[in-house]
Amino acid sequence: MVRRIRWQILIAVLTALIVFGLLGSFALSSAATTRPLGGRVFVEGVVGAPQQLNPLAQNSDTSQAERDIAALLFEGLTRIDEYGQAQPALAERWTVGENNQVFTFTLRRDRTWHDGAPVTADDVLYTVRGVQNANFPGDPSLAALWRNVLVQKIDDHTIRFEISTPFAPFPSLARLPILPVHLFRTLRPEQWAAAPFSRRPVGTGRWKLQALDNGQALLEPFANHPETGSLDHLLLRFYPTADAAVLALRRREVQAVATLATAGRRAPELPSRTKRISAPLGDYTLLAFNLRQPPLDNLQFRQALALGINRELLIANVLGGQAQPLDTPILPETWAADDQAKLPAFRRSGAQQALGQLGYVDTNGDGWVEQEGQRLTLPLLIADNGEQIALANEIARQLRAIGVGVEIRRVPAATLQDDLATHNFTLALHSWSDVGSDPDVFALWHSSRANGGANYAGLTDAQIDQLLADGRAATSESRRIQIYGQFQRRWVELLPSLPLYQSVLAYDVDEAIAVPEQSSAFLTARADRFMLLDRWQVPQR
C-alpha cells in the first residue's frame, strides 16, 4: 500500500512538472510580446490577426496583418525602391541577354536565412517550381506570370531564367519572395499554408520574428542583413477593424495606423497629437467601356461621358478626398509616367454639346436626353458590395446631370470577373491592386488579351499593340520611357476606359516621431510603407 501511494505521488509530481513546463513555454512566447521593451521601439496597429505567414500561400482573403509581417520577413532576388526601380536584394547583380529573354542572377554569398542556413540557388529553384505547380495555393495571376518561365540552376549561387518572348520587366517580377528549401524539402505546395513553418516562419528579411500570439507580433532586426536601421524592435498589435486600430492610436496604445479610404467609407479623422503622411499606392479604379457595344464603340460618345464625370468631386464625395485622379493606366509617380498625357477636364457643357452632336438631345425639356424617342440609359455592372454601390451611385448622379440615365446592375464578385472577361457589359466598375511600378501593361491593353484576357474593354489598335510589344523588347530605360510616353498619349486619344482614381494610404503617426517633410513615396503595396521608417526618428523608450 505504501509503495503504491509513493508511486502515485511520484506520477502526480511528474505530471505537475510537465504541465508547468508547457505553461511556462506558452507564457514565454506570450510574455515576449508584452514585457516592457527598451531602446527605439516602433508600435503600429494593424487590422486582422495572422493565420499563416507564408507569403506565397496568400490569397484574396489574407489579412493586412499577414501581408505586413510576411513582407518584413521575406525577400526576393530583387526589391522595388521608393522610385519604382528594381534593386538587388538576395541577388547581388543580374545580366540581361538575348533580346530581354534570358536573365542570369548571381546570389550574394554572405546571405543567410534567419536560422543561419546559407541562401543558395536551390532555394530559388524550389520556390519558382512551387509557384509553377498546378497545386500552387497562392494568387493565380502570380502563377500565370511564372508558368512559362524556364528556370535553371547554374551553380550554388547562379540561377538563370529564360522566357519565350522579350520581357524587360522581369527584374521587377524577380521580387518574388523566396522560401527556404531546407525547411520545405518534403512539402508540396498544397501543404504550405497548413505547415508549422507558416506560424513560425524563417526568412531572410531585415526583420526576424521574435514572438507571435493572437494579440501582437514582435520583430527584431536580423543581425546578418546588409541593411541596418535605427530601430531596436518593431511591434505590430492586431485589431479587428480599422476603427479599433484608430481608437488605439487615440489612446496612445500604438504610435501609428495606416488606413485606406474606400468608396462609402472615408479615412478616419486625424486623431489629436498625430500627423498624417499620404502615400499613393499601386491601386486604382476605373470605369470600363465596352468598345464592342454601341454607343461605347463611338469615340465621341466616350469623350462626352469623360467630360460629364467630375472625378475630383467623386473623390471628395465618396472617398473624403483621400485619393487622387489619374489619366492613364501608368501611375503618375512611376518612372515612365508622361505628364503630357492628360484627359480633358470636367466640363458639363462640353459633354452636353458632344451628346447633342451625336443626336442625343433633351426634346421634352425634362432633363433626359433622347435619340429617336428613346431615352439614353446605360447599364453599369458592379460587384455587389457597399464600396462599389457608393461609387456607382455617385457616377449615376453625375451622369444624370448631363441627361444620361444609369441602370446599376449588381452581381457577385466572381460573376463580375466572368462578365468582364467575356465583355458582357456596357459600363463596368473594377479595380487593379499592387500593379507595380514597371510601365508594362501588355496584359491589360494588347489586342491579344481582348478575348478571355484582362483587356476587358476589347481595345484593338495596331499602334497600341506595337508600342506595348516594343516596350517589352527595349533594352534601355530611356528607350522604354519614350515608348511608354507614346503609348500613354495614344491611349488618352482612344479613351478605351475612364480612370477614376488612384488609392492613397493615410499613415497617421504620433507627433513624438520626427518625420521629414518629404516623407511620402509611391508604394507598390500597403506593406511597403515600412520603407518609410528609415527616414523617421523614433524616440528612445
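Quantities reported herein were computed from a predicted structural model and do not represent experimental measurements. (Residues numbered from 1 in each chain as written. Predicted model: local features only at pLDDT ≥ 70, side-chain atom pairs only at ≥ 80, totals over all residues. Heavy atoms only, no water.)

Caption draft 1: Inspection of helix H12 (residues 413–421) at higher detail. Taken together, the buried positions of H12 are occupied by Leu416, Asp419, Leu420 and Ala421. Phi for His423, located one or two positions after H12, is positive at around 60°. (Buried < 20%, exposed > 50% of the residue type's maximum accessible area, 1.4 Å probe, protein only. Helix = DSSP H or I, 4+ residues; strand = E, 2+ residues; numbered from the N terminus.)

Caption draft 2: Structural view of the sheet that holds strand E6 (residues 149–155). The sheet built from four strands is open, its strands ordered E4-E5-E7-E6 with antiparallel pairing. Either end of the sheet is taken by a strand with one partner, and the two such strands are strand E4 (91–97) and E6. Taking each pair of neighbouring strands and ignoring which way they run, the sheet shows an average axis angle of 20°. Two elements, strand E5 (residues 102–107) and strand E7 (residues 158–163), share five bridges in a ladder whose sense is antiparallel. Following the sheet pairing, Thr104 is matched in E7 by Arg160. (Pairing = 2+ DSSP bridges. Axes fitted to C-alpha atoms, helices over the stretch in contact; angles between N-to-C directions.)

Caption draft 3: Focus on the side chain of Asn54. Inspection of the secondary structure assignment puts Asn54 in the loop between strand E1 (41–47) and helix H2 (64–73). The contacts of Asn54, once residues within four sequence positions are left out, are Leu179, Phe184, Trp192 and Ser198. (Contact = heavy atoms within 4.5 Å.)

Caption draft 4: Representation of the packing of aromatic side chains. Tallying each qualifying case throughout the model produces 18 aromatic pairs. Plain terms: the ring middles of Phe136 and Trp192 are 6.2 Å apart, the flat faces sit at 80° to each other, and that makes the pair edge-to-face. Of this pair, Phe136 sits in the loop between helix H3 (121–132) and helix H4 (140–146) while Trp192 sits in the loop between helix H6 (181–184) and strand E8 (207–212); the two residues are 56 residues apart in sequence, bridging distant segments of the chain. Assigned by exposure class, Phe136 and Trp192 land together as buried. With a centroid separation of 5.2 Å and an interplanar angle of 50°, the aromatic rings of Phe161 and Phe170 are classed as tilted. The same class applies to Phe161 as to Phe170, namely buried. One cation-aromatic arrangement involves Arg529 over Tyr507; the distance from NZ or CZ to the ring centre is 5.8 Å. (Phe/Tyr/Trp six-rings, centres within 6.5 Å; stacked < 30°, edge-to-face > 60°. Lys NZ or Arg CZ within 6 Å of the ring centre and 35° of its normal.)

On their own, these measurements won't tell you what the molecule is for.
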